[in-house]
Amino acid sequence: MRHLLSTRELDRATAVGILDVAEDMADVADREIKKLPTLRGKTVVNLFFEDSTRTRTSFEVAAKRLSSDLVNFSAKGSSLSKGESLKDTAQTLAAMGADAVVIRHASSGAAQVLAQSNWIDAAIINAGDGTHEHPTQALLDAFTMRRRIHGRASRGHDLDGLRVTIVGDILHSRVARSNVWLLQALGASVHLVAPATLLPSELANWPVTVGYDLDEAIRQSPDAIMMLRIQAERMSAAYFPNAREYGRQWGLDDERLARLGPDTMVMHPGPMNRGLEISAGAADSSRSTVLEQVANGVSIRMAVLYLLLASETVA
Ligand code: CP
């Protein structure tokens, strides 16, 4: 692997391999000294043109746990806010000797543009590009599902037969797109539930089933239900009557939570709109994997950095 731009490019073996390396990395988190010397001398740059809490900080923790140098570069407070181009920014980072660039950008395809350019000779990791993809989020989601099912004995397993329902703002969700492709590669089936206005037109080419009724989807007893954030910042029109109506029809409230199976995983990539797409009761319930997803994000991002920047096997 030279870059990680999309989960669409991952086959089963590659995806399981990444999850297995993440298991090795999770073992490091259990040690008293949570550090490996693997990426000593390497430089990782977090290049964030959009806000982030989880992704940026977990890449930072991941890079530091692997002993890499880490540069945080955000649009706010840099010359990007003065209009500097992606090309000039990339060439500046290249001149500083960046070995990997973790990029989040509002434009779909920005990570690919960087990877295909000759502006910089670094591994490019897509940390979310517009409404296109967010591959490390899907990998940490799959890792979380696999661990809930198999625990510490999860190495080598895929998600064959798992039934995952993804609910909400599919139209604007790079998380949904990355999950659809990765879950398919890992053998899971995906059911999407949303108002018709929040489903994308390219849906016909996706390996999914689609419904509009959350209560019907809950009656099907999914193994995991993934609630998506309503992305108001990407909405230029009214996609549903109002927040109350959205919550009533497509929100996971306490009453719907009570109808889920005892082992159904309640997932959310964060940040959450509590009281809109998910109630506080559902977000904080024992079925919720929200904080596990955050913790697992560090292991996945360590695995990705390791696989892109180091060749030796983890000791
Ligand atoms: N899930 C996710 O990408 O969160 P952040 O926007 O906080 O990085």
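Residues numbered from 1 in each chain as written. Predicted model: local features only at pLDDT ≥ 70, side-chain atom pairs only at ≥ 80, totals over all residues. Heavy atoms only, no water.

### Overview of the sheet that holds strand E5 (residues 163–167)
1) Next: Strands sit in the order E7-E6-E5-E8-E9 across an open sheet of five strands; the sheet is parallel. The open sheet terminates on both sides in strands that have one partner only, identified here as strand E7 (209–211) and strand E9 (265–267). Strand after strand, the sheet turns through a mean of 20° between neighbouring axes, direction not considered.
2) Next: Where strand E6 (residues 189–193) lies against E7, three bridges are found, and the strand directions are parallel. Paired with Val193 across the bridge in E7 is Gly211. (Pairing = 2+ DSSP bridges. Helix = DSSP H or I, 4+ residues; strand = E, 2+ residues; numbered from the N terminus. Axes fitted to C-alpha atoms, helices over the stretch in contact; angles between N-to-C directions.)

### Things to note about the domain arrangement of the chain
1) Next: When cut into domains, the chain gives domain 1 (7–133 + 294–309) and domain 2 (135–293).
2) Next: Between the C-alpha centres of domain 1 and domain 2 the distance comes to 25 Å.
3) Next: The partner domain 2 presents 36 residues to the 38 residues of domain 1 that form the contact.
4) Next: Buried area between domain 1 and domain 2, both sides added, is near 3000 Å², and the carbon and sulfur share of it is 54%.
5) Next: Counting the surface domain 1 buries against domain 2, the share from its top three residues, Thr7, Glu23 and Asn296, is 21%.
6) Next: In this assembly, domain 1 and domain 2 are joined by seven salt bridges.
7) Next: Summed over the shared surface of domain 1 and domain 2, the number is 24 residue pairs in polar contact (both at pLDDT 80 or more).
8) Next: When grouped by side-chain class, the residues that make up the side of domain 1 that touches domain 2 number 14 nonpolar, 10 polar and 14 charged. (Domains from an automatic or database assignment. Contact = heavy atoms within 4.5 Å. Buried area = accessible area lost by both parts, 1.4 Å probe. Salt bridge = Lys/Arg side-chain N within 4 Å of Asp/Glu carboxyl O. Polar contact = N/O pair within 3.5 Å; in protein donor to acceptor, adjacent residues only side chain to side chain. Nonpolar A, V, L, I, M, F, W, Y, C, P; charged D, E, K, R; others polar.)

### Examining the pattern of salt bridges
1) Next: Scanning the entire structure with this criterion turns up 19 salt bridges.
2) Next: Note that Lys64 and Glu60 form a salt bridge whose closest N and O atoms lie 2.8 Å from each other. Here the residue Lys64 and the residue Glu60 both occupy positions in helix H2 (residues 54–65), the gap between them amounting to four residues, near one helical turn.
3) Next: Relative accessible area serves as the criterion here: at 18%, Glu60 is assigned to the buried category.
4) Next: A single network of salt bridges, built from pairs that share partners, joins Asp215, Glu255, Arg256 and Arg259. (Buried < 20%, exposed > 50% of the residue type's maximum accessible area, 1.4 Å probe, protein only.)

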